[in-house]
Structure formats: C-alpha cells, structure tokens
Amino acid sequence: MASEAKDSGGYRDILRAPHALRLLTGTLVGRLPNGTGPIAIVLFVRSEGGSYSLAGGLTAAYGIATAVGQPLLGRAVDLKGQPRVQLPAALVSALGMIALAVAGISPLVLAYAAVVVAGLFTPPLEGGLRALWPSVLGREDRVHRAYALDAVAQEVMFTVGPLLVTLLVALWSPAAALLVINVLGVLGALSVVLSEPSRAWRSDPREAHWLGALRSPGLLALLGSFFFVGLALGSITVAGLAYADDRGNEAAYGWLMAALGLGALVGGVLYGARRWAGAPERRLRVIVGLLALGYLPLMLTPGVGAMTALAALSGVFLAPALACGFIVVDRHAPTGTVTEAFSWLVTTFGVGAALGSAVAGPAVELAGTTAGFAAASAGGFVALLVLLATGRVLMVPGRGVRHAVSVAVPGVAHTEKNTRSSENDRNGAVEPGFSARLQA
C-alpha cells in the first residue's frame, strides 16, 4: 500500500469549503436518533416497567425496520432529490418515536408500530452526504479525504450520542430523552436539505431496473465483505461484555468500547491525512486483512489495562476500512444509484453487526469469552476472503472515476457527474492524469 506525501491542507481544507461544515454537522445531528435509538428505547422501556425481553424486542424491530428502509429511501432520494425525501422521512420517523414516548409500552401493538415507523422512515442522511461531497469539494482527493473525515465523525457520534442520552435521562426522563433527540434529528435534517448543495443536487439518469444498485457485481462483492466486517464488530460488543463479567468489573466494558472507538478515531484521522496511491480495491484488501489480524490478540484476554490497549489497537483499521469502502462503493454504484448504494452499505454493515451479536452470545456460553473474540476475528478473515475471491469483479469498476462539479450555482441543478469507464479502461488502460491513482 503506497502513499504519497501528506497534503498540507488536510482536513482544514475540507472544512473551509463552502457548505462543508454545515453539511457534516447537520448530517451528524440528523443521525442522532438512529445512532442513539437502541439505548434510548431500552432506557425508556425499563423506566416504564417493561422487561429486558420487551426492550430487546422493540430494539430489534427498530433495527430491522431501519435496515429495510434505508435502501428504499436511498432509491427515492436518487429519483426525487434530497429535500423531497429526507425531510418528510425525518418528520415521520420522529413522530414514530414521539408516539412511543407519549403512549408508552401499552398496548404493545402500538409500541411496536411506533418503533417500526421510526426505523422504516429513518432518513438516509449518511448516504446523502456522500453523494453531496463531489459537488461541494470538487477534487477527487478532497472527496476521498472527506470520506475518511466522515468515518471519523461517525465514531464521534456513536461515542457522544449515548452520553447525551444518559445526560438527558439524568436531567429529565427517558421519555424526554426520546423527544429531545428526535427533535434534534429533525433540525439536523432540516439544516441539510435547506442547504444549497442539497437543494441543487440531482442524480444522473438511471437505467430502469428493479434491482437498482444491486445489479452491480462489484457492489455485491463489497456488501458481502462488509457484512462480515459488521459481524466482527457485533461479536466484539458481546464478547467485551462477557470479558467484563469474567473480571467482575462492569467499568471494564466501557473502557474496552471507548478504546475501540478511540482506535478507530486515530486510524481514520491518520488514513485521511494522506493521499493514497493505487487502486482502492486492492488497498481495501490490505486494510481488511490488518483489521482481521488486529482482532486476534483480543483472544488472549489479558488484564484490563492490557486488554484496553489491545482493544484500541484492534479499532485502528475500522475507520480506514469504512473510508476506503466508501470509495469503492462510489466506483461500482451504477449511474443514478449512488445514494441507494451507500444506503445498502449502511444496511449490510448493520445487519452483519446484529448477526455478530447473535452469534457471539451462544459462542460465549458454549466456549467462554475467548470464543466470542474468536468469532470477531473469524468475521474479519471471512470479509478478507470475500474480497480475495471476488478480486476480478472488484477490479472492474462499474463506472469510472467520478468527477465532481463545482459548488452549486443558483438555478443550476447539480448531478453526480462521472465519467464511465471505457473498454480500454476495463482492459487496463486509463485516462491520462489518472494512471497514478488507478495503477496498482
């Protein structure tokens, strides 16, 4: 994996671009309801006297509904534009959670209907932001760095979000936490869709096909790999809890999860601070391989201090894997399906994480904590095997390197401009000026 010199502009160059900071901040705030939904639901159900089983059931229903809704809404964004989909979806999703907060957990049918509506209509802000970066940032290298910044920002959200929910519960109540978080989510979505780039963005015309983005073999290969990356991460969340129980130290779980997030933050910052040479598909194989190797030492389950350090090390390659995966999605998404394609990645990763949690539980019960961490490492190596087995498909991008248009000009609609790969590109030749970045 070769690298070029650091870009002196770095992340500041991105954040100084018109609209960039607003879009990033609005997207993160808009995604707070989704990022904090599971913990907010659990705390609310317990405060209402509901069982852990009910809390788990409602959380699972919310997660499944979100997984179903994201690619469907992503396709709607590609067809109708961002404001006409993102804001109505955010409002309906918030109303679902507000209904849960007001009505409580009885009757159960209403509670389940509320969380399903909230999950199903969660706006695809994450995919929408990545579709906007080219029109905001212009240069390909800046877009790639923005993907890394995006991955880092996600780690911040998943760290700060639960703390915010806990604070709101302590100051007021779990019901108030649900209300505040979802109002903030609507305001975040509103900030994004009222921005000039969001209002001006238009997807390229798309070929009518019922599979949408999933008709791309390269995208399917990537989704298969990231399903197992998600499985690895989901396994660690359960194995980490088992480790804390073994040590009789509840705080150890918090330290492990915080260290995992810190490692991902550091890895994402370092990855995005450089320009990387070579095809991103090949680079992704190296990163995922290192990610899988990083999970192996966790099976040693040493003392809390050493285990915390190992958890931080294991997280270093997570954000780079996501950032590089975003680039590969961008290259393989069929024309006119970019938001849907990014939404599929979010969905696949989330479903994999949920399955990882389900797999790690029985593994821990049957063979102990070490088996839970072994499931995480196994997930990483299977993700690598998928990339290796589909290498030929992945090395033939479904579309060429995307070229972004300049920042929005009033009255001019922006599209996800791109240059399709020619037959010469597919046979190994590249356009002048792009050889350094596409050459292995």
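Refer to the structure presented above.
Here we summarise the structure given alongside this text. (Residues numbered from 1 in each chain as written. Predicted model: local features only at pLDDT ≥ 70, side-chain atom pairs only at ≥ 80, totals over all residues. Heavy atoms only, no water.)

1. A look at the pattern of salt bridges
Then step 1. Tallying each qualifying case throughout the model produces six salt bridges.
Then step 2. Residues arginine 130 and glutamate 126 are paired through a salt bridge, measuring 2.5 Å at the closest nitrogen-oxygen approach. With arginine 130 and glutamate 126 both in helix H7 (residues 125-137), this residue pair falls four residues apart, about one helical turn.
Then step 3. Residue glutamate 126 is classed as buried on the basis of its relative accessible area of 7%.
Then step 4. Beyond isolated ion pairs, a larger network of salt bridges with shared partners links Arg31, Glu126, Arg130 and Asp150. (Salt bridge = Lys/Arg side-chain N within 4 Å of Asp/Glu carboxyl O. Helix = DSSP H or I, 4+ residues; strand = E, 2+ residues; numbered from the N terminus. Buried < 20%, exposed > 50% of the residue type's maximum accessible area, 1.4 Å probe, protein only.)

2. Regarding unusual backbone geometry
Both trends apply: most residues other than glycine have a negative phi, and most peptide bonds are in trans.
Then step 1. Residue serine 106 is joined to proline 107 through a cis peptide bond whose omega torsion reads 0°.
Then step 2. By secondary structure assignment, the location of proline 107 is in the loop between helix H5 (83-103) and helix H6 (108-120).
Then step 3. A positive phi angle is found at histidine 19, which is not glycine, with a value near 80°.
Then step 4. Owing to a relative accessible area of 23%, histidine 19 belongs among the partly exposed residues under this scheme.

3. Side note on the packing of aromatic side chains
Then step 1. Counted according to the given criterion, the structure contains five aromatic pairs.
Then step 2. Ring geometry for tyrosine 147 and phenylalanine 326: centres 6.0 Å apart, planes at 75°, overall edge-to-face. Separated by 179 residues along the polypeptide, tyrosine 147 in helix H8 (residues 140-171) and phenylalanine 326 in helix H15 (residues 318-332) bring together distant segments of the chain.
Then step 3. We classify tyrosine 147 as buried; its relative accessible area is 0%. (Phe/Tyr/Trp six-rings, centres within 6.5 Å; stacked < 30°, edge-to-face > 60°.)

4. Notes on the packing of helix H11 (residues 217-247) against H15
Then step 1. Contact geometry of H11 with H15 gives a least axis separation of 10 Å together with a crossing angle of 160°. By the angle class used here, H11 and H15 are roughly antiparallel. Along this stretch, H11 crosses H15, giving a crossing that reads as left-handed. Residues Gly218, Leu219, Leu222, Phe226, Val229 and Leu233 of H11 pack against Leu318, Ala321, Leu322, Gly325, Val328, Val329 and His332 of H15.
Then step 2. Considered class by class, the residues forming the contact of H11 with H15 number ten nonpolar, three polar and no charged. (Axes fitted to C-alpha atoms, helices over the stretch in contact; angles between N-to-C directions. Parallel < 35°, antiparallel > 145°, perpendicular 65-115°, else oblique. Left-handed = near helix turned anticlockwise from the far one by under 90°. Contact = heavy atoms within 4.5 Å. Nonpolar A, V, L, I, M, F, W, Y, C, P; charged D, E, K, R; others polar.)

5. A look at helix H9 (residues 174-193)
One turn of an α-helix holds 3.6 residues; hence residues three or four places apart share an orientation.
Then step 1. Taking 1.5 Å of rise per residue, the 20 residues of H9 would be expected to cover 28 Å, and the 29 Å separating its terminal C-alpha atoms lies within 8% of that figure.
Then step 2. Those residues of H9 that sit buried are Pro174, Ala176, Ala177, Leu178, Ile181, Asn182, Gly185, Val186, Gly188, Ala189, Val192 and Val193.
Then step 3. Lining the buried residues of H9 we find helix H2 (20-30), helix H3 (32-47), H5, H7, H8 and helix H10 (196-200). (Expected span 1.5 Å × (residues − 1).)

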